[in-house]
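# Analysis of the macromolecular model
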Amino acid sequence: MSGPEGTDEAVLLPLSPGAGDDGGEAKDRQPPISLSYYASLGVTGTGEGCVEHVADGSVAFLVGRHVALYNYETQRHRFLLKPAKTTEIVTFSVSKNRKYIALAERVADKGTTASEVSIWHIDPKAQDSSPVQMADASSLPPAKRIRTIPFAYLSKNAVVSVNFSADNRVLASLTTTPDPYLYVWQIEKSPCRLVAMLELPFKPACVTVSPFSSSSLFVGSTSSVRFFKHIPPHQLKPIDPMAKRREYRYTCHAWFDHDSVVAGTADGDILVFDQTELRKTLPAVHGENSAIWCIAVLSRGFLCAGESGFVTLFERTYEGAFFQVYRTVQTPDRNLRVSGMSVSPNEETVVACSDGNKLLAFSLSGMDLMTWPAAAAAAAPPASAAREVSFDDTRDRDRLRRSSRAGSGAGGNSNNGGGGGGGGGNAVTAETFFKPLAVTFHSDLITAFATCTQRSCFYTASVDKTVRIYNYARRKLELEAVFDEEISALACDSAGLRLVLAFKYKLTLYCVLAKALQPVQDFPVKHCKEVSFSAGGHLFAAVVVTKIFLYNSHTFTCIGFLSGHSSMVKSVQWCYGDQVLVSGGYEGAVYFWRVDTCRRIEKCEVLTKAIAHSVARYNEDTKNLVLVGTLKIADNDTPDGTTLLRSFKVAPNPTTLSPPAHPAHPPPAGGSASDSLSQSMHQPIVLGVSSQQLLHSKSHVAPCAISPLHKVVFAGTPSGQIAVYPFPIVGPAPCLVLDAHTKPVIFVVLSVDERLLITVSEDLSL
């Protein structure tokens, strides 16, 4: 999805197959709102080349289905949105002069999927001419598509790697098995011309063009590496540098000189190739069997990183030894695997990508001041593999002197872009050396999401046993708390100063402090999967299977419980000034409850036994109830597991109805929506069918939100799209669709002022 190419505007897209029969009508409707991408959290994909600099202080990486251009100095985003026909962006590559970016895409073409490479111009000096949607919109430049390379008649397989030559005249690309090929394209003029291609005898992983000669290429895979020479006009000559030598498991590589390459292995060795031959092996750089996953070349040498969070800087010797270790550092998290690195053009800052959905930044000058605590020294590689060198070069002494003065002048831990030195001449520790960027997100499935009305913050909990508080106005992570067990549910009060967290065997109320969460009270509630604060903050509801317990958040006492559902309650919502509670269950029932009497209002209920409701949202002004659920049993042409959207009109006002004289009880078997005064507004709308078992099947989700101000409904789909419907819903055709995520959407939430729409997906992106 994209608007005018290179902008952040959303345009109309057809919903995924099965989403509605009159999708063509949606194209004739004027969308009631416009949406533009504002910010994102998380990184999609890891590995070599997962993050690259597009300018000093700006990096590009994949997030969801698009490419994010993020300035980590100003913390502003711009997004390079995929075209409407593109189903996936597989990988990307930034040119050596940082002016162009090549995207390897999968394109839907006449019912089949083909590959395509598009080249975009992202000149950092270009003036931003896109419309400003927010007051603090990013100043990163827009992008414009200038070339397209179709692979429809060459290969149906995905393009897994692309790389520019130094003069931007040649682009190399690789397609994967079952027909792996190396392609060399001349892209100086349009249309692009294929100048050479060659079938490969192994499954390739990465291709790079020598920055010193566009006729030299290097292809790496897990089992083999090859040099290639382009001999005009159309010949590619392979050269095996490892003939009759030991077999390695290769992980990464990079050019450092004419016909010279360094390659990393899964055994932890660094191989130095020169003149297409193996010249030297640096064994066990980070210890035995500690794999090297990424290499980044500098003017003074290269950086390598891998398992256990080790990062090593090698300096060139211009002798037979080629390189020697200058300094080795390690991240605070010893279990972290650094899978990708990018060095800024001025070689001051390095941004590293880890497998924990994190981007870390550090300064190269800060490595001179790095000190190791005793625990880190014990885990360090052998002295032979990580020895330090003396400062024989005057430039090194000057650089160290300048960084020391900069650190003392900052008066503390002031590090620009994640690097820099400590204050007052103190050495830098690992905790202050590695700075997580603000786009870092959870490393595992998000289980809970909440917002508050008096702070511009949202709160998330995850299976990774962390709770994160993010300020979306300041674009800053305010607090991250780590626990000893998983958090299954979370809720915050209207002020955002109190949190209720649900663990396996208890429920705990916390106060939010500046740098920590302070526990206040534990509640004996086990296996709670859903919790919700009232609008006033004096009550909260905790769901335990079929019962809903109501607690006073000031006296910490249980004031009652709601019992009537015959299956697990999946959703609760407070309304009418905290007098009424709306609950939706897995059995397909939606009930309205009077909080003061803890009784069900019988005339306001909906029962659809074939649908397991995951979220119920009620609007007080229009008396409309919007439901999202999953079809439990196949119905006609609709298979089971289909996600459906329904809307009901609740005729009476729940606050004017008297509760029944008898205790609440479940409706009789065979009941339906017609037994109450609620009536369906339309036929069920198909949002999509999941092709795999959903990761959130054991947790509660909320992929729906109502915007009374804009009079629309936002619904997340199993394919990762965001469908927008007019509210009240009158038909199955959406007026707007955003193709945002790569996996099912599990949370859709609006900010209090309804200016921001926040979506969370199973692909660990927000």
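These figures come from a predicted structure and were not determined experimentally.

In terms of regular secondary structure, the protein is built from four helices and 55 strands. Counting only contacts in the protein whose residues sit at least 6 apart along the sequence, the fraction spanning at least 24 positions is 51%.

Moving on, we come to the pattern of salt bridges. On inspection of all chains with the given rule, the structure shows 18 salt bridges. For the salt bridge of Arg249 with Asp267, the shortest nitrogen-to-oxygen distance reads 2.8 Å. Here the residue Arg249 occupies a position in the loop between β16 (235–239) and β17 (250–257), and Asp267 occupies one in the loop between β18 (260–265) and β19 (270–274), the gap between them amounting to 18 residues. Classification of Arg249 by relative accessible area gives partly exposed; the value is 46%. Assessed through its relative accessible area of 15%, Asp267 is described here as buried. Here Glu478 and Arg474 are joined by a salt bridge, their closest N and O atoms 3.9 Å apart.

What follows deals with the sheet that holds strand β30 (residues 457–462). Strands belonging to one sheet form pairs held by backbone hydrogen bonds; the direction of such a pair is parallel or antiparallel. Strand order in the open sheet made by the four strands is β29-β30-β31-β32, with antiparallel pairing throughout. Each edge of the open sheet is held by one strand with a lone partner, namely β29 (446–451) and β32 (476–482). Averaged over all neighbouring strand pairs, the angle between strand axes comes to 15°, with direction disregarded. In terms of strand pairing, strand β31 (residues 466–471) meets β32 through six bridges, oriented antiparallel. For Thr466, the partnering residue across the bridge sits in β32 and is Val482.

In this section: unusual backbone geometry. Negative phi characterises most residues that are not glycine, and trans characterises most peptide bonds. Look at the link from Ser190 to Pro191: it is a cis peptide, with omega at 0°. Within the element layout of this structure, Pro191 appears in the loop between β11 (181–186) and β12 (193–199). Within the chain, Arg475 stands out as a residue other than glycine whose phi angle is a positive 55°. Secondary-structure assignment places Arg475 in the loop between β31 and β32. In this model, Cys598 sits at a positive phi of 60°, which is unusual for a non-glycine residue.

We now examine the sheet that holds strand β28 (residues 435–436). Spatially, the four strands line up as an open sheet ordered β25-β26-β27-β28, and their pairing is antiparallel. In this open sheet, the two edge strands, each paired with only one partner strand, are β25 (338–343) and β28. As judged from the six bridges shared by strand β26 (residues 349–354) and strand β27 (residues 358–363), these two strands associate in the antiparallel manner. Directly across from Ala352, in β27, lies its bridge partner Leu360.

This brings us to the pairing of strand β33 (residues 489–492). Every second residue of β33 is oriented toward a common face, with Ala489 and Ala491 on one face and Leu490 and Cys492 on the other, all of them buried. Where β33 lies against strand β34 (residues 498–502), four bridges are found, and the strand directions are antiparallel. Counterpart to Cys492 in the pairing with β34 is Leu499. Turn length for the β33-β34 hairpin, with the two strands adjacent in sequence and antiparallel, is five residues, and the turn residue Gly496 shows positive phi of about 75°.

Moving on: the packing of aromatic side chains. Counted under the stated rule, the structure contains 32 aromatic pairs. Here Phe362 and Phe433 contribute two aromatic rings whose centre-to-centre distance is 5.2 Å and whose plane-to-plane angle is 40°, an arrangement assigned as tilted. Here the residue Phe362 occupies a position in strand β27, and Phe433 occupies one in helix α4 (residues 430–433), the gap between them amounting to 71 residues. No difference in accessibility class separates Phe362 from Phe433, as the two residues are buried. Taken together, the ring pairs connect Phe449, Phe458, Tyr470, Tyr472 and Phe747 into an aromatic cluster. Of note, Arg337 hangs over the ring of Trp293, and the distance from its end group to the ring centre comes to 4.5 Å.

Within the secondary structure, Arg145 sits in strand β8 (residues 144–150). Assessed through its relative accessible area of 17%, Arg145 is described here as buried. At 3.2 Å, the side chain of Arg145 and the side chain of Thr148 are in polar contact.

Let's shift gears to the confidence of the model for the protein. On average, the protein scores 81 in pLDDT, and the residues at 70 or more come to 80%. Confidence drops under pLDDT 50 across residues 373–379; counting only partners more than four residues distant or on other chains, this segment forms five contacts. Here residues 657–677 is modelled with pLDDT under 50, and outside its nearest four sequence neighbours on either side it reaches 43 contacts, counting other chains as well.

Let's shift gears to the pairing of strand β7 (residues 112–121). Burial analysis of β7 places seven of its ten residues in the buried class, the great majority of the element. Note: strand β6 (residues 100–109) against β7, ten bridges, orientation antiparallel. Directly across from Tyr100, in β7, lies its bridge partner His121. Adjacent in sequence and paired antiparallel, β6 and β7 are bridged by two residues, among which Lys110 carries a positive phi angle near 55°.

Here we take up the environment of Lys99. Along the chain, the position of Lys99 falls in the loop between β5 (86–94) and β6. Separated by 69 residues in the primary sequence, Lys99 and Asn168 have C-alpha atoms spaced 9.4 Å apart.

Moving on: the state of the cysteines. Inspection of every chain in the model, using the stated rule, returns zero disulfides. Counting only cysteine sulfurs, Cys452 is the nearest neighbor of Cys492, a cysteine outside any disulfide, at a range of 4.9 Å. Cys492 sits in the buried class, given a relative accessible area of 7%. Cys558 supplies the cysteine sulfur nearest to Cys598, a cysteine that is in no disulfide, at a spacing of 8.1 Å.

Tracing the sequence through the fold places Val615 in strand β45 (residues 611–619). Counting along the chain gives 45 residues from Val615 to Lys570, while the straight-line C-alpha distance between them is 6.6 Å. With residues near it in sequence (within four places) discarded, Val615 still touches Ser571, Val626, Leu627, Val628, Val701, Ala702, Pro703 and Cys704.

Note on placement: Glu315 falls in strand β23 (residues 310–316). Using a relative accessible area of 11% as the deciding quantity, one classes Glu315 as buried. Within the structure, Glu315 has its side chain in polar contact with the side chain of Arg300 (distance 2.4 Å).

The rules we used
- All chains use their own residue numbering, which begins from 1 and follows the written sequence.
- Totals for whole chains, interfaces and linings use all residues, but because this is a predicted model, local features are given only for residues with pLDDT of at least 70 and pairs of side-chain atoms are given and counted only at 80 or more.
- Hydrogens are left out, water is left out, and the side-chain values use all remaining heavy atoms of the structure.
- The numbering of helices and of strands both runs from the N terminus, where a helix is a DSSP run of H or I of at least 4 residues and a strand a run of E of at least 2.
- Note on definitions: a residue-residue contact is assigned when non-hydrogen atoms from the two residues lie within 4.5 Å.
- Should a side-chain nitrogen of Lys or Arg be within 4 Å of a carboxyl oxygen of Asp or Glu, the pair is scored as a salt bridge.
- Whether a residue is buried, partly exposed or exposed follows from its accessible area with a 1.4 Å probe, protein chains only, as a fraction of its type maximum: under 20%, in between, or over 50%, in that order.
- Here, a strand pair is defined by DSSP locating no fewer than two bridges between the strands.
- The axes used here are C-alpha line fits, helices contributing only the stretch in contact, and every angle between their N-to-C directions lies in the interval 0 to 180 degrees.
- Aromatic pairing here means that ring centres of Phe, Tyr or Trp (its six-membered ring) are within 6.5 Å. Orientation follows from the plane angle: under 30 degrees is stacked, over 60 is edge-to-face, and everything else is tilted.
- Definition used: whenever NZ (Lys) or CZ (Arg) falls within 6 Å of the ring centre and also within 35 degrees of the ring normal, the charge is taken to sit over that ring.
- The definition of a polar contact used here is a pair of N or O atoms within 3.5 Å, where within protein one atom must be able to donate a hydrogen and the other to accept one, and adjacent residues in sequence count solely through side-chain atom pairs.
- In predicted models, pLDDT denotes the confidence assigned by the predictor to each residue on a 0 to 100 scale.
- In what follows, a disulfide is any cysteine sulfur pair within 2.5 Å.

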